[in-house]
Amino acid sequence: MSPFPTVSAIEWRDDTLWLLDQRLLPLQEVWLDHADVHAVVNSIRDMVVRGAPAIGITAAYGVVIAARARLAENPQHWQQLLAADFEALAASRPTAVNLFWALDQMKVALEKLDRNQDPVAQLLAEAIRIHESDLAANHTMGHLGANLIRHYGMPAKGVITHCNTGSLATGGYGTALGVIRSAWKAGLIEQVYADETRPWWQGARLTAWELLKDGIPVILTADSVAATLMQQGKVSWVIVGADRITANGDVANKIGTYSLAVLARHHGVRFMVVAPTTTFDPSLAHGSAIPIEERGPEEVVSVKGVRVAPEGVAVYNPVFDVTPAELIDAIVTEKGVVEHPNRDGITALLAQASIH
Ligand code: MRU
């Protein structure tokens, strides 16, 4: 199916969940197994695994691990006990709505359990379905996004991407990086510029690593270089992922996305968001209602544990921002493309998505 044997970061093997520790990449490739649900919660919170779809898939497997333990603990009331595990998983990170979507899917599976079959096996089947359907959605989005690029043409065959939206952040292949993979294969892109993505370096550590593995030409830049690249006419598209998209088409994504959208509009560069329909939250009217995660100051004042800022300095570290819908040229999903997103366009897309 894929032109690239892309890395996987989430695996169910030997009856447990294994995650490739993204905190150590690209210098070390270490896999961690998960003995209980608390380990899964810690891995999401501490960013062993990150990226909206990957967090959701991990939480689904976390429910399987929790259910197995609760069943052994109390075969009569295990489902009631499981409620605390759902809460712990839901509290692991606040912004990516895929986490809450996946937990809701697992709740539905729980309600529909066949009493004559092994409940853990049924929950595992649902987690695997969530995992595999994300991978399939990414391939569809790759195709649709590449077609969109072809449709508008590429005056300059360069794109900027931000954060990491690849195999590491999803069930495989990637959202924005999936479009970049498909467009590069189709000869539409010649150069990818990966923002380093301060403060956690997802672009420098993860996107650069994935693209180099695929042999896709990547140039790593400091985040602040984007304006210069656009001024020099080197890029035609900014292509990013999303953590939550509201009913009107506003998009929460990695901090720095909003500034790229403002720059793109100023320079006449197109701005594409790529996200599966599991990233939509139509219960929120506007992006201002999205909970934005703030992480600790250590991510900003130090690099790999080495302090670079003076002791005692105050730090503000919001790790997502909200790009208003009017700055977005297109949102690419597995159910279709919404150009110039607004409330009507998003409503129509989601209505069509729920039919299929
Ligand atoms: O803090 P992270 O690394 O989990 O943030 C990830 C992003 O912001 C991604 O762009 C988004 O989740 C889309 S991943 C397909």
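Residues numbered from 1 in each chain as written. Predicted model: local features only at pLDDT ≥ 70, side-chain atom pairs only at ≥ 80, totals over all residues. Heavy atoms only, no water.

1. Structural notes on empty space enclosed by the protein
For step 1, the next point in the chain: Evaluation of the coordinates by the stated rule reveals two cavities of 30 Å³ or more.
For step 2, the next point in the chain: Roughly 190 Å³ of volume is contained in the largest cavity.
For step 3, the next point in the chain: Around the largest cavity, the lining comprises 25 residues; the ones closest to its centre are Gly 51, Ala 52, Asn 164, Asp 243 and Asn 253.
For step 4, the next point in the chain: Residue contributions to the lining of the largest cavity peak at three residues, all from helix H2 (residues 52–73).
For step 5, the next point in the chain: Each residue belonging to the lining of the largest cavity can be placed in one class, and the counts come to eleven nonpolar, ten polar and four charged.
For step 6, the next point in the chain: In this structure, the lining of the largest cavity is formed jointly by two domains, domain 1 (10–133) and domain 2 (140–355), each of which donates at least three residues.
For step 7, the next point in the chain: Considered as a void within the structure, the second largest cavity measures approximately 30 Å³ in volume. (1 Å grid on protein atoms, 1.4 Å probe; cavity = no way out; pocket = protein on both sides within 12 Å on 5 of 7 lines; lining within 4 Å. Points joined across faces, edges and corners; volume = space filled by probe spheres on them. Helix = DSSP H or I, 4+ residues; strand = E, 2+ residues; numbered from the N terminus. Nonpolar A, V, L, I, M, F, W, Y, C, P; charged D, E, K, R; others polar. Domains from an automatic or database assignment.)

2. Here we look at the domain arrangement of the protein chain
For step 1, the next point in the chain: Partitioning the protein chain into structural domains gives domain 1 (10–133) and domain 2 (140–355).
For step 2, the next point in the chain: Using only C-alpha atoms to locate each centre, domain 1 and domain 2 end up separated by 26 Å.
For step 3, the next point in the chain: Between domain 1 and domain 2, the contact holds 26 residues from the first and 29 residues from the second.
For step 4, the next point in the chain: With both chains or domains summed, domain 1 and domain 2 bury close to 2,200 Å², and 56% of this area falls on carbon and sulfur atoms.
For step 5, the next point in the chain: A per-residue breakdown of the area domain 1 buries against domain 2 is headed by Arg 50, Thr 95 and Val 97, which together make up 27% of the total.
For step 6, the next point in the chain: Summed over the shared surface of domain 1 and domain 2, the result is one salt bridge.
For step 7, the next point in the chain: Between Arg 93 and Glu 293 there is a salt bridge, with the nearest N and O atoms lying 2.8 Å from each other.
For step 8, the next point in the chain: For the interface between domain 1 and domain 2, the tally reads 14 residue pairs in polar contact (both at pLDDT 80 or more).
For step 9, the next point in the chain: Elements with a contribution of two residues or more to the side of domain 1 that touches domain 2: H2 and helix H4 (97–111).
For step 10, the next point in the chain: When grouped by side-chain class, the residues that make up the side of domain 1 that touches domain 2 number 15 nonpolar, five polar and six charged. (Contact = heavy atoms within 4.5 Å. Buried area = accessible area lost by both parts, 1.4 Å probe. Salt bridge = Lys/Arg side-chain N within 4 Å of Asp/Glu carboxyl O. Polar contact = N/O pair within 3.5 Å; in protein donor to acceptor, adjacent residues only side chain to side chain.)

3. Digging into unusual backbone geometry
For step 1, the next point in the chain: A cis amide bond links Leu 25 with the next residue in sequence, Pro 26, at an omega value of 0°.
For step 2, the next point in the chain: Mapping Pro 26 onto the fold places it in the loop between strand S2 (16–20) and strand S3 (31–33).
For step 3, the next point in the chain: The omega angle of the peptide bond from Arg 198 to Pro 199 is 5°, so this bond is cis rather than trans.
For step 4, the next point in the chain: With respect to the helices and strands, the residue Pro 199 is situated in the loop between strand S5 (191–195) and helix H7 (202–214).
For step 5, the next point in the chain: Residues other than glycine seldom take positive phi values, yet Thr 197 does so here, at roughly 70°.
For step 6, the next point in the chain: Structurally, Thr 197 can be placed in the loop between S5 and H7.
For step 7, the next point in the chain: In this structure Thr 197 comes out as buried when scored by relative accessible area, which is 0%.
For step 8, the next point in the chain: The phi torsion at Lys 304 lies on the positive side, around 50°, for a residue other than glycine.
For step 9, the next point in the chain: Residue Lys 304 is classed as exposed on the basis of its relative accessible area of 60%. (Buried < 20%, exposed > 50% of the residue type's maximum accessible area, 1.4 Å probe, protein only.)

4. Side note on the site of the ligand
For step 1, the next point in the chain: Close to the ligand lie 18 residues, the nearest being Arg 50, Ala 52, Asp 243, Asn 253 and Lys 254.
For step 2, the next point in the chain: Within the side chain of Arg 50, an N or O atom sits 2.8 Å from an oxygen atom of the ligand.
For step 3, the next point in the chain: A distance of 2.8 Å separates an oxygen atom of the ligand from a polar backbone atom of Ala 52.
For step 4, the next point in the chain: Within the complex, the protein chains bury 99% of what would otherwise be the 420 Å² of accessible surface of the ligand.
For step 5, the next point in the chain: Of all the cavities here, the one that holds the ligand is the largest cavity.
For step 6, the next point in the chain: When residues of the shell around the ligand are traced back to their parent elements, those giving at least two are H2 and strand S9 (251–254).
For step 7, the next point in the chain: Taken together, the residues of the shell around the ligand sort by class into seven nonpolar, seven polar and four charged. (Near = heavy atom within 4 Å. Areas by Shrake-Rupley, 256 points an atom, 1.4 Å probe, with all protein chains shown as cover. Sits in = over half its atoms within 2 Å of the grid points.)

5. Focus: the nonpolar core
For step 1, the next point in the chain: Counting residues in each nonpolar core, the largest one holds 38 residues, and the members touching the most others are Ile 10, Leu 17, Tyr 61, Val 64, Leu 89, Met 106 and Leu 123.
For step 2, the next point in the chain: Those elements that place two or more of their residues in this core are strand S1 (10–13), S2, helix H1 (37–45), H2, helix H3 (78–90), H4 and helix H5 (119–152).
For step 3, the next point in the chain: It is H2 that provides the largest number of residues to this core, a total of twelve residues.
For step 4, the next point in the chain: Look past the residues within four positions of Leu 17 in its chain and what remains in contact with it is Ile 10, Glu 11, Trp 12, Leu 32, Asp 33, His 34, Val 40, Thr 58, Tyr 61 and Ile 65.
For step 5, the next point in the chain: Ala 226, Val 238, Ala 261 and Phe 280 belong to the second largest nonpolar core, which has 26 residues in total. (Core = buried A, V, L, I, M, F, W, Y, C linked by side-chain atoms within 4.5 Å.)

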